[in-house]
Amino acid sequence: MSVTADESAGAAAIRPFTVQIPEAEIEALRARVAATRWPHKEPVDDWSQGVQLAMLQELARYWAADYDWRRCEAELNALPQFTTEIDGLGIHFIHVKSRHENALPLIITHGWPGSVIEMLGIVGPLTDPTAHGGSAEDAFDLVIPSMPGYGFSGQPAEVGWDSGRIASAWAELMRRLGYDRYVAQGGDQGAGVTDALGRLAPEGLLGVHFNLLSAAPRELVMATFNIRLAFSMEDRAELGKVVAVFMRGYIAEMGEHPQTIGYPLLDSPLGLAAWMLDHDADAYQKISRAFLDGQPSGGLTRDHVLDNVTLYWLTSTAASAARLYWETGRGAKAAIKQPPPHLTLPVAYTVFPGELFQVPRHWVKSAYHNLVYFHEAERGGHFASWEEPQLFSEELRAAFRTLR
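### Description of the layout of surface pockets
What the second largest pocket holds in volume is close to 430 Å³. Lining the second largest pocket are 22 residues, with Pro-39, Leu-56, Leu-270, Gly-271 and Ala-274 positioned closest to its centre. Mapped onto the lining of the second largest pocket, the elements with two or more residues apiece are helix H2 (53-65) and helix H11 (269-277). If one sorts the elements of the lining of the second largest pocket by residue count, H11 sits on top with five residues.

Structural data, given as structure tokens:
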């Protein structure tokens, strides 16, 4: 992989960044895709055994023959990208300032198996709301960093880069950018980082928004050990989904042995794609329709899905990204002995119908007492900003309106 950045200043400087992948690396990827060794077709007619052969073979055909990484590269390079060194690690980020005065700075953190790619569709609606159905008063200055070990950020060479350490890095990043008041958003692993940032409560942070519950309320933790303790039949049913999510294979394997899973994922592009697509039923069905039927769900198109997988491949970050799950588990054990401070800042929350589990308002209120906004969106799933960028942007406008 090759990138360019201005290295003339010191480590704390903010340097322009441009993506320039050598053609030889793209050709090598195509060759590896073409040389894939395929398993036999699954003996079932559904997704119950995992990513289906027909779907992945169509993805491989499109990836090798029709997909154009240069289009994605140009889209990234059309945005202001930068790198800076924080706590000894290079951090890549997109930074788009609004043309509107008094825009509210917003830092958004992606999750796994996502990247800054999943946020590209919300850049326009958030920074230029008047062109996307909003008003100038809704404008944001947008900061979208690549988490450590993901994409174009550096890969940590030491343990300890958990959500709390990333949150501290984000606070330093916003300070370096000159923002003395800002808000933050996160889903998936990004929710854990945003939760940690809210608990850190650095000077200038006004409030946070989530689309996945990272902090479990006390009664939910208790109910995990005894489902009968849940409040209602609806709670019990949803709690079953929560428990099932955290028993998923990808969470268990990356949480225990991220290095082990890294070997096959760094060696096989189709293995990497299958691992990333085997995330949740809602997203898988939508992505499958995009490849097999040509009917994408919003922004979950064939090209956009492959943009994200290709980014992981070209940056060789499958193992380093997986290590965040190991760090999360390690941090959770430490939090039992020394609980983190309460999050007292204003909290906003949006429930998307296709999310891994549906969080009732009283769960969120129990976890975050200063809940100032709660809404159930009409559409969208786990990758809400990617799938429904306009709707996601409207949620953020509404969530932070009172904090401007």
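### Considering the packing of helix H9 (residues 249-256) against helix H10 (residues 258-267)
The N-to-C vectors of H9 and H10 enclose an angle of 110°; their axes lie 5 Å apart at closest approach. As summarised for this structure, H9 and H10 are arranged roughly perpendicular, according to the angle between their axes. Together, Glu-253, Met-254 and Glu-256 of H9 and Pro-258, Thr-260 and Ile-261 of H10 make up the contact between the two elements. For the contact of H9 with H10, a count of residues per class yields three nonpolar, one polar and two charged.

### What to know about the side chain of Ser-98
For Ser-98, the position within the fold is in the loop between strand E4 (89-96) and strand E5 (104-109). A polar atom in the side chain of Ser-98 sits 3.0 Å from the backbone nitrogen of His-100.

### What to know about H11
Taken across its nine residues, H11 has seven buried, putting it largely inside the fold. Of all the positions in H11, only Pro-269, Leu-270, Leu-272, Ala-273, Ala-274, Met-276 and Leu-277 are classed as buried.

### A look at the pairing of strand E10 (residues 371-376)
For strand E9 (residues 347-351) and E10, the ladder comprises five bridges, and the chain directions are parallel. Directly across from Thr-350, in E10, lies its bridge partner His-375. A crossover links E9 with its parallel partner E10, the connecting element being helix H15 (residues 361-367), and its sense is right-handed.

Rules and cut-offs
Residues numbered from 1 in each chain as written. Predicted model: local features only at pLDDT ≥ 70, side-chain atom pairs only at ≥ 80, totals over all residues. Heavy atoms only, no water. 1 Å grid on protein atoms, 1.4 Å probe; cavity = no way out; pocket = protein on both sides within 12 Å on 5 of 7 lines; lining within 4 Å. Points joined across faces, edges and corners; volume = space filled by probe spheres on them. Helix = DSSP H or I, 4+ residues; strand = E, 2+ residues; numbered from the N terminus. Axes fitted to C-alpha atoms, helices over the stretch in contact; angles between N-to-C directions. Parallel < 35°, antiparallel > 145°, perpendicular 65-115°, else oblique. Contact = heavy atoms within 4.5 Å. Nonpolar A, V, L, I, M, F, W, Y, C, P; charged D, E, K, R; others polar. Polar contact = N/O pair within 3.5 Å; in protein donor to acceptor, adjacent residues only side chain to side chain. Buried < 20%, exposed > 50% of the residue type's maximum accessible area, 1.4 Å probe, protein only. Pairing = 2+ DSSP bridges. Right-handed = clockwise from strand over helix to strand, strands pointing away.

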